[in-house]
There are 2 protein chains.
Amino acid sequence: MERNTRQRQAVLDAIDRAGRALTPSEILALAQASVASLNLSTIYRHLHALQDDARITKVMLPGQAARFEAACAGDHHEVAHHHHHFHCSACDRVYALHACPGSMQELAPEGFVVRAHEITLRGLCAECAA
Amino acid sequence: MERNTRQRQAVLDAIDRAGRALTPSEILALAQASVASLNLSTIYRHLHALQDDARITKVMLPGQAARFEAACAGDHHEVAHHHHHFHCSACDRVYALHACPGSMQELAPEGFVVRAHEITLRGLCAECAA
DNA sequence: ATACTTGCAAAACATTTGCAGTGAG
DNA sequence: CTCACTGCAAATGTTTTGCAAGTAT
């Protein structure tokens, strides 16, 4: 997974241009505009490879299939920026939130060691609320 | 799904006695102690029915299969208590957290309507940290 | 030319559903 | 005695993998 193929470029372009997290099916639909024969297996293989290369990030939300977003989406750091997500109940789209209220250590009982936290907001995006 | 069968009781007992959220497979293993022939299909059917009866709650965590916990676990309200969860990376168990930092409205951009939020903490539970 | 990539089909999981037989009330 | 419930097998949706053919370098 290191050659620069049309398929790899199509997957990366779809994600880079989206500006939000996409499901593998959405990526398939978008990338097939460039490479009509594109297959879901190939999509998944490139999604893994692009994660290893830190070009994209996997976004897992409760009860949702995995989505993928451009690494460093919306910021200009070298390392992936810690952030959370908003899931619109109406259009089912997922948007990155560039804020974080802090470590949440205090929510855990005595003796529990908190190493990470994830916050998901749900509701209506600006478009659907209008 | 309204008769009081051995299967239904076995599923409910397993969840009520666990004190933490269980996966359907864990429930199967526990409930088969009472009803050896018990089947995963039956488990799932009762899980839906018990949710409708508000006896149990479905717990969805990012990247995890669904788990189920007793409704009102750990508190004494009539309505399901709003709470979050801790997922131990070592033993893969899920514990309820009886605290919540608030609505998180402020994390969303202008125009977004926040209707709900979910927080998942990950790390080591007291047992695994020791 | 060589070895990485691709597409397809089939396998893995979690969950749901059709159906015919079983059992609670 | 009925109709809901159960168990099994098959279907669904998402993700992974084996393999033979295709292609970038």
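See the structure shown above.
Everything numeric here is computed off the predicted structure, so don't read it as measured data.

Rules used throughout
- Residues numbered from 1 in each chain as written.
- Chains lettered and ligands numbered in written order.
- Predicted model: local features only at pLDDT ≥ 70, side-chain atom pairs only at ≥ 80, totals over all residues.
- Heavy atoms only, no water.
- Helix = DSSP H or I, 4+ residues; strand = E, 2+ residues; numbered from the N terminus.
- Buried < 20%, exposed > 50% of the residue type's maximum accessible area, 1.4 Å probe, protein only.
- Contact = heavy atoms within 4.5 Å.
- Near = heavy atom within 4 Å.
- Polar contact = N/O pair within 3.5 Å; in protein donor to acceptor, adjacent residues only side chain to side chain.
- Nonpolar A, V, L, I, M, F, W, Y, C, P; charged D, E, K, R; others polar.
- Least-squares fit on C-alpha atoms with pLDDT ≥ 70 in both.
- Buried area = accessible area lost by both parts, 1.4 Å probe.
- Salt bridge = Lys/Arg side-chain N within 4 Å of Asp/Glu carboxyl O.
- Pairing = 2+ DSSP bridges.

Novice: Would you mind going over the overall build of chain A with me for this structure?
Specialist: The helix and strand inventory of chain A stands at four helices and five strands. For chain A, the succession of helices and strands along the chain, N to C, is α-α-α-β-β-β-β-β-α. Along the first, second and third principal axes, the C-alpha atoms of chain A reach 55 × 40 × 30 Å. Within chain A, buried positions represent 41% of all 130 residues. Relative to all contacts within chain A whose residues are 6 or more apart in sequence, the contacts with residues 24 or more apart total 51%.

Novice: What's the story with the protein's contact with DNA strand C in this structure? I'm lost.
Specialist: Lining the immediate environment of DNA strand C, one finds 20 residues, of which Met-1, Glu-2, Ser-37 and His-46 of chain A together with Tyr-44 of chain B sit closest. Contacts to DNA strand C include Arg-45 of chain B, whose side-chain N or O atom sits 3.3 Å from a base oxygen. When contributions to the surface near DNA strand C are tallied by element, the ones reaching two or more residues are helix 3 (40–52) of chain A together with helix 3 (40–52) of chain B. When grouped by side-chain class, the residues that make up the surface near DNA strand C number five nonpolar, 10 polar and five charged.

Novice: So what exactly am I meant to see when it comes to the relation of the copies chain B and chain A here?
Specialist: Between the two copies of the chain lies a relationship made up of a rotation around an axis and a movement along it. Of the transformation placing chain B onto chain A, the axial shift is 0.0 Å and the rotation is 180 degrees, giving an RMSD of 0.1 Å. Here the copies are linked by what is in effect a two-fold axis.

Novice: Help me out: how do you make sense of the protein's contact with DNA strand D in this one?
Specialist: The full set close to DNA strand D counts 20 residues, and Tyr-44 of chain A together with Met-1, Glu-2, Ser-37 and His-46 of chain B are the nearest of them. Here a phosphate oxygen of DNA strand D and a side-chain polar atom of Asn-39 of chain B are 3.2 Å apart. Within the side chain of Thr-42 of chain B, an N or O atom sits 2.9 Å from a phosphate oxygen of DNA strand D. Secondary structure elements with two or more residues in the surface near DNA strand D: helix 3 of chain A together with helix 3 of chain B. Counted by class, the surface near DNA strand D contains five nonpolar, 10 polar and five charged residues.

Novice: What exactly am I supposed to notice about the interface of chain B and chain A here?
Specialist: Accessible area lost upon the coming together of the parts serves often as the stated size of an interface. At the interface, 32 residues of chain B touch 32 residues of chain A. Taken together, the two surfaces of chain B and chain A that pack against each other cover about 2800 Å², and 68% of this comes from carbon and sulfur. For the pair chain B and chain A, the number of links is two salt bridges. Note that Arg-122 of chain B and Glu-118 of chain A form a salt bridge whose closest N and O atoms lie 2.4 Å from each other. If you look at where chain B meets chain A, you find 10 residue pairs in polar contact (both at pLDDT 80 or more). Counting residues per element, the side of chain B that touches chain A draws most heavily on strand 5 (residues 113–124) of chain B, at 12 residues. Looking at side-chain class alone, the side of chain B that touches chain A contains 23 nonpolar, five polar and four charged residues. Looking at chain direction, strand 5 (residues 113–124) of chain A and strand 5 of chain B are connected through 11 bridges and run antiparallel.

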